[in-house]
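Here are the chains, one letter per residue:
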Amino acid sequence: MISAHAGDFVWRAGGAIALATSRGERAKVVCLSFGERGESAKAWRAGRTLDEIKAIRREEAQNAAAALGAEIEFFDAGDYPLIESTELVDRLVRVYRELEPDVVLTHPLADPYNGDHPAAARMALQARVLAQAAGYDAPGAPLGAPPVFFFEPHQPEQCDFKPDLLLDITPVFDRKRKAMECLPAQQHMWDYYTDLAKRRGVQLKRNAGPNLGLAHDTMGEAYMRLYPQVTDVLA
Ligand SMILES: [Zn+2]
């Protein structure tokens, strides 16, 4: 999972991460920046320095990743702006080659409110393509074709985000909430993303049909696929 800032992976995909780790699977978050300039307004207002804010956000994100059972690696590439570079893409290629992920999660490619999010997505996708190339000079075997899922942006309509996958995160929602509460710098988001999970849960039930026995308090996360689903059975 490739996240532009320290909090993004928690709000948008904490449930998917907790589901994977609860099945005993490995989940890794690459945090390209700490969101130190653009998503830490509370700490700036409190008079903290840049280095202090980076340290605070690093610790918060580490705690949140631990609550979800995920590994986390920080690239400390800077935010507002997050500058795309061949060096960052190369570092991501090496992560893909080492991890051989079954799925890749990242931001959607459009976000008129936040240029860092599409920049992170572009680098995540470029690195995935390069990691597939037999001739790319990085350790490990060429990557297969892990599906790419875009997680839900903060203002989905403006980001051309229309869900085509609703993930049932009910069994792990308490872990997602605990991970959110590791991020007091963005406390205003806790209830917002709890409410969103409820709404996506209602839509999930509506799309699953009335007879599947889903819990009344089903919680969901929405995703979009970048590439077509591959299957030999329509279901
Ligand atoms: Zn962000």
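Residues numbered from 1 in each chain as written. Predicted model: local features only at pLDDT ≥ 70, side-chain atom pairs only at ≥ 80, totals over all residues. Heavy atoms only, no water.

As annotated in an unreviewed UniProt entry, the protein is PIG-L family deacetylase from Nonomuraea maheshkhaliensis.

### A few points about the coordination of the zinc ion
How we decide: Keep in mind that water is not among the atoms, so a site may look incomplete; donors are the N, O and S atoms within 2.8 Å of the metal, or 3.2 Å for Na, K and Ca. Any coordination sphere not matching a tetrahedral pattern (four donors, all angles between 85 and 135 degrees) or a square planar or octahedral pattern (four or six donors, opposite donors over 155 degrees apart, other angles between 65 and 115) is reported as irregular. Throughout this description, buried means an accessible area under 20% of the type-specific maximum (1.4 Å probe, protein chains only), exposed means over 50%, and partly exposed covers the range between.
Looking at the zinc ion, the protein donor atoms are His-5 (ND1), Asp-8 (OD), Asp-8 (OD), Glu-39 (OE), Glu-39 (OE) and His-117 (NE2), and they sit 2.1 to 2.7 Å from it. One way to put it: the six donor atoms around the zinc ion meet at angles of 51 to 163°, and that makes the site irregular. Mapping the donors of the zinc ion onto the primary sequence gives the spacing H-x2-D-x30-E-x77-H. Comparing His-5 with Asp-8 shows no difference in burial state: the two are buried.

### A short note on the pattern of salt bridges
Put simply, the test is: Salt bridges are identified by distance alone: a Lys or Arg side-chain nitrogen within 4 Å of an Asp or Glu carboxyl oxygen. Numbering goes from the N terminus for both helices and strands, where a helix is a DSSP run of H or I of at least four residues and a strand is a run of E of at least two.
The full count for this structure, using the stated rule, is 14 salt bridges. Between Glu-25 and Arg-23 there is a salt bridge, with the nearest N and O atoms lying 3.0 Å from each other. Here Glu-25 falls in the partly exposed class, since its relative accessible area comes to 39%. The shortest N-O distance in the salt bridge between Glu-60 and Arg-57 comes to 3.0 Å. One end of the pair is Glu-60 and the other is Arg-57, both in helix H3 (residues 50–68) and three residues apart, which spans about a single turn. Look at Arg-57 and you get buried, because its relative accessible area is 0%. Ionic contacts of the salt-bridge type, sharing partners, join the residues Arg-26, Glu-71 and Glu-98 into one network.

### Re the sheet that holds strand E3 (residues 71–74)
Two strands in a sheet stick together by hydrogen bonds in their backbones, pointing the same way (parallel) or opposite ways (antiparallel). Spelled out, the test is: For two strands to pair, DSSP has to find at least two bridges joining them.
Sheet architecture is open: three strands sit in the order E1-E2-E3, paired in parallel fashion. The open sheet terminates on both sides in strands that have one partner only, identified here as strand E1 (2–3) and E3. Note that E1 and strand E2 (residues 28–31) share two bridges and pair parallel. Bridge pairing links Ser-3 to Cys-31 in E2.

### Remarks on the nonpolar core
The line we're drawing: We define the nonpolar core as a collection of buried residues of types Ala, Val, Leu, Ile, Met, Phe, Trp, Tyr and Cys that are connected through side-chain atoms lying within 4.5 Å of one another. Note on contacts: a residue pair is in contact if any heavy atoms of the two residues lie within 4.5 Å.
Counting residues in each nonpolar core, the largest one holds 37 residues, and the members touching the most others are Met-1, Phe-9, Ile-17 and Leu-105. Elements represented by at least two residues in this core include exactly helix H1 (8–22), E2, H3, strand E5 (148–151), helix H6 (173–180) and helix H7 (188–208). Top contributing element to this core by residue count: H1, with eight residues. Not counting residues up to four positions away in its chain, the partners in contact with Leu-105 are Met-1, Ile-2, Ala-13, Ala-16, Phe-149, Phe-151 and Tyr-223. Grouped together as the second largest cluster of nonpolar side chains are 27 residues, Ala-4, Val-89, Phe-161 and Met-224 included.

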